[in-house]
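What the coordinates show
What follows is the residue order along each chain.
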Number of protein chains: 2
Amino acid sequence: MTEDELVAGIRERLRGVTATRVLVGIGDDAAVWQPSRSNRSVITTDALVEGVHFTRDVMSAHDAGWRALASNLSDVAAMGARPVLATVALGFPAGTDPAWLLGCYDGIAALAERARCAVAGGDLTRAPAITFAITVVGEVRPSNLKRRDGARPGDVVAVTGPLGASAAGLRVAGDPGLAADPRFAGVLAAFRTPEPRLRAGRRLGASRHVRAMMDLSDGLSTDLGRLCAASGVGAVVETVPIHPGARRVAEVTGQDPERWALDGGEDFELLLTVAKRAFEPLAARLKAATGTPLLQVGTMTAELGIRRADGTAIPPSGWDHLR
Amino acid sequence: MTEDELVAGIRERLRGVTATRVLVGIGDDAAVWQPSRSNRSVITTDALVEGVHFTRDVMSAHDAGWRALASNLSDVAAMGARPVLATVALGFPAGTDPAWLLGCYDGIAALAERARCAVAGGDLTRAPAITFAITVVGEVRPSNLKRRDGARPGDVVAVTGPLGASAAGLRVAGDPGLAADPRFAGVLAAFRTPEPRLRAGRRLGASRHVRAMMDLSDGLSTDLGRLCAASGVGAVVETVPIHPGARRVAEVTGQDPERWALDGGEDFELLLTVAKRAFEPLAARLKAATGTPLLQVGTMTAELGIRRADGTAIPPSGWDHLR
């Protein structure tokens, strides 16, 4: 059974458990509900597990806490929303140094402050490994809410930055010789303390020309496939924008940086589709307002599947937590 | 370092990360925020970990899912709120039978349906043990919100049912001979599929005579201590209402059922304090409307600490996840 099959089974089981005020349920970056007539709230939950997503030798307590919150904030950004508050459930093995646990909250607090997100509560429990499960609630004006199912053929496919830095950073973090090299500080930071695209997400949410949006957590190949599936369209990938830091690491390690960009995941850039004629002016406005670029990756097509410009298929090869 | 000391350290770290719309932060059953002027939302997160809170030999997949959601719904009930939606983060080891995982969602869906709570999203991840982290959002009219810090000397201390059944059920579940005995079905159900006191919680929330409320998740001795500490008062415990099923188990196993009632935890009854002259009519109205009793446990006192009527102290001896 694949992860997508398991999710389908879960969705089937939960079909009866809906409510009229839940407007977007399982399957988007975040769920959306309506606390009152003129408000929309979004909620997203993400877990970070020691030994699966990080190990204590490649990530400090501060960075693990930051990273755990960052993936949730990225989901909020992808809906066009702004964060309001977070809850943190933290599991840890018997004998864990309390200073390490408090260090996690330093990282959570540092990013929460940047993001203007309150940390409102949580839970502490024993667990076999350090386990963060963070939930973030955000809010968005109804007209600014972006889902992943609105892409149309002819739309420009774009991302908010070059890709592959987080995967390159993971490679560097696991090799003390590389980790000490100041040339690789940028990719290390991309892996350890990613910056969710909150300002860009809100700006893009406010543009009616942005037709679909999600965040890149599992890699461009997998996540673009999900956006295409949700929208019932396909895509041609013309350019894979590779992070220059990832290129530098790949030169040293002899790896293919395009694989990191396509399949590495956890870059937390936004993936969006934009009405073609609106793309250039929107990219210019976003750059001027937030410093964040919009890089064209390709074009949405009526034909299903994801292909390169030369016609070869790009298979999804990102994360499947059941594999 | 104790759990309470760790929580104090966490609170210190998160002090700067607040928001004007977060009205109740860390330390109550749930956090409270204000999505718009006339609304109050509550949010609570709770984790359930295999090997810590349950093992697969004493709990079915259905019951583990039910139990994981129940503790969150109980926190919502304790605020006087009603649930709106839940998110479910589920971690599981490689090789876990997908049917077991889907069974968890059957249990979650069964309780969510009873509680009229939508399940709106979540996350799946690898983890070293089955790990649920569930977050529930609820809502409450501002005037009905109950916190744990409003108790006053002279208030009646009450609970919504006799205690110790869950701890007795855990004892029974671990012993196949006892588990097969139909006399113990009641305590097994109290352990495996506890019923959060949602209807009672909303009724009690609507009474201005209820001055403080919380749910009993860590045992009467520990939780009454927390309510006293939050309110700056003490309590005399006159009667510990022991569940008749727990008494029957204790007769067979030779254990002290009062210890289960005081320290066992996870009974998910509500603990509240009520203005003295209002107690009898409120108990009668609650019983008539919901079938749920209000059992007097004792009386709040100006003198700090928790004592029995004969003056002997009752020390907190419930759960500390750091021990």
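Residues numbered from 1 in each chain as written. Chains lettered and ligands numbered in written order. Predicted model: local features only at pLDDT ≥ 70, side-chain atom pairs only at ≥ 80, totals over all residues.

**Describing the overall build of chain A**
Broken down by element type, chain A carries 11 helices and 12 strands. Computed over its C-alpha atoms, the radius of gyration of chain A comes to 19 Å, within 12% of the 20 Å expected for a compact globule of 323 residues. Viewed in the frame of its principal axes, chain A has a C-alpha envelope of about 55 × 55 × 45 Å. Counting the 323 residues in chain A, one finds 58% classified as buried. Within chain A, residue pairs in contact and separated by at least 24 positions form 81% of the contacts whose partners lie at least 6 positions apart. (Helix = DSSP H or I, 4+ residues; strand = E, 2+ residues; numbered from the N terminus. Rg over C-alpha atoms; globule rule 2.2 N^0.38 Å. Buried ≥ 20, exposed ≤ 12 C-beta atoms within 10 Å, placed from the backbone. Contact = placed C-beta atoms within 7 Å.)

**A word on the sheet that holds strand β5 (residues 118-126) of chain A**
Residues and elements named next belong to chain A. Taken in spatial order, the 6 strands of this open sheet run β1-β2-β3-β6-β4-β5, and their pairing is mixed. Two strands in the sheet have a free side with no partner beyond their single neighbour: β1 (22-24) and β5. Geometrically, the sheet is characterised by an average inter-axis angle of 20 degrees between neighbouring strands, direction not taken into account. Pairing of strand β2 (residues 31-33) with strand β3 (residues 40-49) involves 3 bridges; the strand directions are antiparallel. From the neighbouring strand, Trp 33 faces β3, where its bridge partner is Ser 41. On top of the sheet, helix α3 (residues 98-115) reaches β4 (82-92) and β5; it is set at about 170 degrees to β4, its chief contact. (Pairing = 2+ DSSP bridges. Axes fitted to C-alpha atoms, helices over the stretch in contact; angles between N-to-C directions.)

**Here's the deal with the domain arrangement of chain A**
Residue and element names in this part refer to chain A. When its domains are assigned, chain A resolves into domain 1 (16-143) and domain 2 (146-308). Computed over C-alpha atoms only, the centres of domain 1 and domain 2 are separated by 21 Å. Across the contact, 20 residues belong to domain 1 and 21 residues belong to domain 2. Take the side of domain 1 that touches domain 2: its biggest share by element is 10 residues, from helix α2 (residues 61-78). Class assignment of the residues belonging to the side of domain 1 that touches domain 2 gives a composition of 11 nonpolar, 3 polar and 6 charged. (Domains from an automatic or database assignment. Nonpolar A, V, L, I, M, F, W, Y, C, P; charged D, E, K, R; others polar.)

**Comments concerning the sheet that holds strand β9 (residues 234-237) of chain B**
Two strands in a sheet stick together by hydrogen bonds in their backbones, pointing the same way (parallel) or opposite ways (antiparallel). All names here are of chain B. The strand order across the open sheet formed by 6 strands is β8-β10-β7-β11-β9-β12, and the pairing between neighbours is mixed. Looking at strand neighbours, the two that pair on one side only are β8 (210-215) and β12 (306-308), the edges of this open sheet. Averaged over neighbouring strand pairs, the angle between their axes works out to 25 degrees when direction is ignored. Two elements, strand β7 (residues 156-159) and strand β11 (residues 295-301), share 4 bridges in a ladder whose sense is antiparallel. Bridge pairing in β11 places Ala 158 opposite Gln 296. Packed onto the sheet, helix α8 (residues 220-231) meets β7, β8, β9, β10 (270-274) and β12 and runs at close to 140 degrees relative to β8.

**Remarks on the interface of chain B and chain A**
At the junction of the two partners, chain B supplies 61 residues and chain A supplies 61 residues. At 9 residues, strand β5 (residues 118-126) of chain B tops the list of elements feeding residues into the side of chain B that touches chain A. Taken together, the residues of the side of chain B that touches chain A break down into 34 nonpolar, 18 polar and 9 charged.

**Remarks on the packing of helix α7 (residues 198-205) of chain A against helix α11 (residues 279-290) of chain A**
Residue and element names in this part refer to chain A. The N-to-C vectors of α7 and α11 enclose an angle of 140 degrees; their axes lie 10 Å apart at closest approach. With respect to their mutual orientation, α7 and α11 come out oblique. The way α7 lies across α11 gives a crossing that is right-handed. Across the interface between the two elements, Arg 199, Ala 200, Arg 203 and Leu 204 from α7 touch Leu 286, Ala 289 and Thr 290 from α11. (Parallel < 35°, antiparallel > 145°, perpendicular 65-115°, else oblique. Left-handed = near helix turned anticlockwise from the far one by under 90°.)

**Examining the pairing of β11 of chain B**
Direction of pairing for β9 of chain B relative to β11 of chain B: antiparallel, over a ladder of 4 bridges. Bridge pairing links Gly 234 of chain B to Thr 301 of chain B in β11 of chain B.

**Concerning the environment of Gly 121 of chain B**
Relative to the elements of secondary structure, Gly 121 of chain B occurs in strand β5. Residues Gly 121 of chain B and Leu 85 of chain B lie 36 residues apart in sequence; the distance between their C-alpha atoms is 9.0 Å. Each residue touching Gly 121 of chain B, except ones within four places of it in the same chain, is listed here: Gly 25, Ile 26, Ala 30, Ala 31, Ile 43, Thr 44 and Thr 45 of chain A together with Thr 87 of chain B.

**Points about helix α2 (residues 61-78) of chain B**
Residue and element names in this part refer to chain B. A rise of 1.5 Å per residue sets the reference length of α2, with its 18 residues, at 26 Å; its end C-alpha atoms lie 26 Å apart and thus fit the reference within 8%. The buried fraction of α2 is high, at 18 of 18 residues. In the stretch just after α2, Gly 80 is the one whose phi turns positive, near 80 degrees. (Expected span 1.5 Å × (residues − 1).)

**A few points about the relation of the copies chain B and chain A**
Note on the copies: chain B fits chain A at an RMSD of 0.0 Å, the axial shift is 0.0 Å, and the rotation between them is 180 degrees. Both copies are brought into coincidence by an operation consistent with a two-fold rotation axis. Here 100% of the interface residues in chain B have copies in chain A that are interface residues too; the copies meet face to matching face. (Least-squares fit on C-alpha atoms with pLDDT ≥ 70 in both.)

**Structural notes on the pairing of strand β6 (residues 131-140) of chain B**
Residues and elements named next belong to chain B. Burial analysis of β6 places 9 of its 10 residues in the buried class, the great majority of the element. Pairing of strand β3 (residues 40-49) with β6 involves 10 bridges; the strand directions are antiparallel. Residue pairing across strands places Ala 47 opposite Ala 133, the latter belonging to β6. The sheet contact formed by strand β4 (residues 82-92) and β6 spans 9 bridges and is antiparallel. When the bridges of β6 are listed, Arg 82 appears paired with Glu 139.

**Structural notes on the packing of helix α4 (residues 165-173) of chain A against helix α9 (residues 244-253) of chain A**
All names here are of chain A. Their axes nearest at 8 Å, the elements α4 and α9 cross at an angle of 40 degrees. Regarding the angle of α4 to α9, the classification is oblique. Note on packing geometry: the crossing formed by α4 with α9 is left-handed. For the pair α4 and α9, contact is made by Ala 165, Ala 168, Arg 171 and Val 172 and by Gly 245, Ala 246, Val 249, Ala 250 and Thr 253, respectively. Looking at the contact of α4 with α9 residue by residue, the class counts come to 6 nonpolar, 2 polar and 1 charged.

**What to know about the environment of Pro 257 of chain B**
Residue and element names in this part refer to chain B. Inspection of the secondary structure puts Pro 257 in helix α10 (residues 257-264). Put simply, Pro 257 and Ala 168 are 89 residues apart on the chain and 7.9 Å apart in space, counted from C-alpha to C-alpha. Setting aside chain neighbours within four positions, we find Pro 257 in contact with Gly 164, Ala 168, Ile 242, Ala 246, Arg 247 and Ala 250.

**Regarding the confidence of the model for chain A**
For chain A, the mean per-residue pLDDT works out to 92, and 96% of the residues sit at or above 70. The ipTM value of the predicted complex is 0.89, and its pTM value is 0.92. (pLDDT = per-residue confidence, 0-100.)

**Concerning α10 of chain B**
Every α-helix carries 3.6 residues per turn, so stepping three or four residues along brings you back to the same face. All names here are of chain B. Of all 8 residues making up α10, 6 are buried, and the element is well covered by its neighbours. Those residues of α10 lying buried are Pro 257, Trp 260, Ala 261, Leu 262, Asp 263 and Gly 264. Turning to α10, the residues buried within the fold contact α4 (165-173), α8 and α9 (244-253). Phi for Gly 265, located one or two positions after α10, is positive at around 80 degrees.

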